[in-house]
Amino acid sequence: METKFSRLLLTLCLPFFVASCATWKPGSKDAPAPTESRAADIKPSAPAAPVPAPSGIANVPAAVLPPAAAGTTGSEIDFATSYGSVKRHGLLYTAGNRIVGEHGMPVSLAGNSFYWSQWQGAFYNADVVKWLKLDWKAAVIRVAMGIEGGGYLEHPQEEQARVCVLVDAAIAADMYVVIDWHDHHAHLHAAQAVAFFQEMARRYGQYSNVMYEIYNEPVQNTTWHDDVKPYAEKVVAAIRAIDPDNIIIVGSPNWSQDVDVAADDPIRAKNIAYSLHFYAGTHKQWLRDKALKALQKGLPLFVTEWGTCNADGKGDVDEVSTREWMDFLQQWGISHCNWSVSDKDETASIVKPGSSSRGYWVESELTPSGRLAREWMRSWAAAADAR
Ligand code: MG
């Protein structure tokens with residue numbers, strides 16, 4: 001019996017073993033998982049496969065024209081072949097200062113952050129998600145559920161429903177999705193955050209697509225030790241009671257810039273990443289230096305929000321600074337979401353006021369920031385597909 005079983009097992013496994021040996025090469029997505037050694041993880045990637053810089057705003061190719069019948073079903077999109085697909089990377093987890101896929105290799109996703117849900121809710125629909133995947137090659141979206149200012153605290157069911165529309169659309173499109181508690185004072189709303197994330201964990205914890213971002217941007221007068229960390233520990237424990245594994249992303253004081261402070265006293269739990277927010281017009285090398293300190297102390301970072309312009313969403317598009325930041329993110333394999341999917345009349349919006357809220361944007365509807373962000377996103381996807 002035992003012999004027959006062993007022979008059967010060998011017969012079943014041998015073809016897979018041979019196929020693995022024939023196709024494996026160093027650096028391939030099928031390579032063995034890296035060790036958990038922190039020393040090995042704090043080095044930047046070898047600059048073997050740089051993301052090519054976009055060709056510039058003037059040379060942005062025209063967006064694909066909308067199909068004759070607006071309101072796609074998405075069935076025409078071959079989601080499974082694109083680089084950021086969940087089918088390809090599976091459940092993400094942290095290993096040292098990296099975020100890696102089920103195959104154990106680092107995964108760097110590029111995508112879009114939506115705007116505050118209560119103020120740009122028209123864009124919270126499945127057509128926009130499909131368009132970002134199809135035309136922008138977005139691998140991830142960030143769902144920014146507004147909390148204050150007429151958001152979740154006042155209209156919990158309405159705002160949660162908007163979140164679910166986008167999360168369901170991302171799952172259908174085989175994309176990753178960050179569920180963001182978009183709040184500047186979340187430590188004052190811990191009970192509501194716990195209830196919301198427990199509901200999200202019950203609903204989505206079994207999906208590899210989902211990540212939880214529990215505190216958008218703690219403001220200046222908060223401290224990591226007294227405000228943000230105790231809040232994060234409470235919400236992390238509540239999520240982990242239901243969902244043991246999906247990544248939880250934690251903010252830090254000064255609008256999620258103090259990642260170096262968090263690195264000195266990190267959350268003691270599995271699969272915790274830390275958000276780093278930058279705006280290319282305002283934040284330069286000094287913020288990358290803080291990020292570098294955090295990385296060298298072993299903190300995995302995720303840029304859940306970045307802009308091409310100033311931190312207030314206004315000012316000029318800073319192409320040079322954006323490129324410096326993208327080089328840094330590429331070097332360290334850091335994922336990023338561009339702020340924001342919106343037609344508000346400000347530099348950071350990806351489309352001009354009055355543009356369609358269902359996607360299918362033509363080139364003339366994109367803002368200069370939208371064009372630059374789209375080019376970087378497409379470059380990211382192309383570079384990842386080439387690996
Ligand atoms: Mg899970």
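These numbers were taken from a predicted model, which means no experiment stands behind them. (Residues numbered from 1 in each chain as written. Predicted model: local features only at pLDDT ≥ 70, side-chain atom pairs only at ≥ 80, totals over all residues.)

A. Quick look at the overall build of the protein chain. Helix and strand counts for the protein chain come out as 12 helices and 10 strands. Taking all 387 residues of the protein chain together, 47% fall into the buried category. (Helix = DSSP H or I, 4+ residues; strand = E, 2+ residues; numbered from the N terminus. Buried ≥ 20, exposed ≤ 12 C-beta atoms within 10 Å, placed from the backbone.)

B. Molecular detail of the sheet that holds strand 4 (residues 140-146). The 8 strands lie next to each other as 3-4-5-6-7-8-9-10, forming a closed barrel whose pairing is parallel. For this sheet, the mean angle separating the axes of adjacent strands, direction not counted, is 30°. Pairing geometry for strand 5 (residues 176-182) and strand 6 (residues 210-213), over 4 bridges, is parallel. When the sheet's bridge partners are listed, V178 is paired in strand 6 with M211. Across the sheet, helix 12 (residues 368-386) is in contact with strand 3 (110-114) and strand 10 (336-341); its angle to strand 3 comes to roughly 140°. (Pairing = 2+ DSSP bridges. Axes fitted to C-alpha atoms, helices over the stretch in contact; angles between N-to-C directions. Contact = placed C-beta atoms within 7 Å.)

C. Quick look at helix 7 (residues 224-240). The terminal C-alpha atoms of helix 7, which comprises 17 residues, lie only 21 Å apart, well short of the 24 Å expected from a rise of 1.5 Å per residue. By the burial criterion, the buried members of helix 7 are W224, V228, Y231, A232, V235, V236, A238 and I239. Take helix 7 and look down its axis: the buried residues cluster within an arc of 160°, on one side only. For helix 7, the exposed residues set more than 90 degrees away from the buried face come down to D226 and A237. The secondary structure elements touched by the buried residues of helix 7 are helix 6 (190-204), strand 6, strand 7 (248-250), helix 8 (253-256), helix 9 (259-264) and strand 8 (272-279). (Expected span 1.5 Å × (residues − 1). Arc of directions from axis to C-beta.)

D. Inspection of the packing of helix 6 against helix 7 at higher detail. Viewed as axis vectors pointing N to C, helix 6 and helix 7 meet at an angle of 30°, and their least axial separation amounts to 9 Å. When the interaxial angle is binned, helix 6 and helix 7 end up roughly parallel. Between helix 6 and helix 7 lies a crossing whose hand is right-handed. In this structure, helix 6 contributes A190, A193, V194, F197, Q198 and A201 to the contact, and helix 7 contributes Y231, K234, V235, A238 and I239. Per-class residue counts for the contact of helix 6 with helix 7 are 9 nonpolar, 1 polar and 1 charged. (Parallel < 35°, antiparallel > 145°, perpendicular 65-115°, else oblique. Left-handed = near helix turned anticlockwise from the far one by under 90°. Nonpolar A, V, L, I, M, F, W, Y, C, P; charged D, E, K, R; others polar.)

E. Seen up close, unusual backbone geometry. Each neighbour pair has its own omega, and for W339 with S340 the value is 0°, a cis peptide bond. Along the chain, S340 turns up in strand 10.

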